[in-house]
Structure formats: C-alpha cells, structure tokens
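Each chain, written out:
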Amino acid sequence: MPRGYDPDRYEVISTQPELGAGASGTDQLLWYATNKHALIEVHVDLPSGAAEAILPPPESPFYAGRQVPLF
C-alpha cells in the first residue's frame, strides 16, 4: 500500500475509450479499447458518500502509454 493510503477515500477517474479497428458496438468496448483518455477525476469520501473534489485530468497522466486494468 502507498504511504498515506486511506481506504475510506477513493479517486475515481472517468475515461473515454479510443477504439481500434473492428469495434462495432458498446458490448465490445473493453475488447477493442486501444487507449483511454481521462475526462475527470473525482475524490470520494466513502463513509459520507460525498465528492470531496472534482478535478480536470492531469496534464501529464501518471499512466500515459501504459495498459492499466479496468474494473
């Protein structure tokens, strides 16, 4: 776990997929997504269910050019 990790707070990043050749519908979204572009970042306090911060995506994405899992 990273230092300062707080299991009561999440950072959620909403992304827009860039689809590769062969994509024909949203049912194939995860299979054909060749890249993702961050749209917005939200910091959530889980116990209260409140959004603590709503931020634009970072100018230099931490995961730029790397494949990351989707959940």
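Just above sits the structure.
Residues numbered from 1 in each chain as written. Predicted model: local features only at pLDDT ≥ 70, side-chain atom pairs only at ≥ 80, totals over all residues. Heavy atoms only, no water.

## Comments concerning the overall build of the protein
- Along its length, the protein carries one helix and three strands.
- In sequence order, the protein lays out its α and β elements as β-α-β-β.
- For the protein, with 71 residues in total, the buried portion stands at 7%.
- Carbon together with sulfur atoms contributes 57% to the accessible area of the protein, which is approximately 6100 Å² in total. (Helix = DSSP H or I, 4+ residues; strand = E, 2+ residues; numbered from the N terminus. Buried < 20%, exposed > 50% of the residue type's maximum accessible area, 1.4 Å probe, protein only. Areas by Shrake-Rupley, 256 points an atom, 1.4 Å probe, with all protein chains shown as cover.)

## Brief notes about the environment of Val44
- Looking at the element boundaries, Val44 is found in strand β2 (residues 33–45).
- In sequence terms Val44 and Tyr10 are 34 residues apart; their C-alpha atoms lie 5.2 Å from each other.
- Those residues within four positions of Val44 in sequence are excluded, and the remaining contacts are Asp8, Arg9, Tyr10, Val12, Ala50 and Ala51. (Contact = heavy atoms within 4.5 Å.)

## A closer look at the pattern of salt bridges
- All told, the structure shown has three salt bridges when counted by the stated rule.
- Among the ionic pairs, Asp6 bridges to Arg9, the shortest N-O distance being 3.1 Å.
- Residue Asp6 is classed as partly exposed on the basis of its relative accessible area, which comes to 28%.
- Take Arg9: its relative accessible area is 39%, and that puts it in the partly exposed class.
- Linking Asp45 and Arg9 is a salt bridge whose minimum nitrogen-to-oxygen distance equals 3.4 Å. Pair noted here: Asp45 is in strand β2 and Arg9 is in strand β1 (residues 9–19), with a separation of 36 residues, a long-range link. (Salt bridge = Lys/Arg side-chain N within 4 Å of Asp/Glu carboxyl O.)

## Here's the deal with the pairing of strand β3 (residues 50–55)
- Note that β2 and β3 share five bridges and pair antiparallel. Note that in β3 the partner of His43 across the bridge is Ala53.
- The hairpin turn running from β2 into β3, its antiparallel successor, is four residues long, and Gly49 in that turn takes a positive phi close to 75°. (Pairing = 2+ DSSP bridges.)

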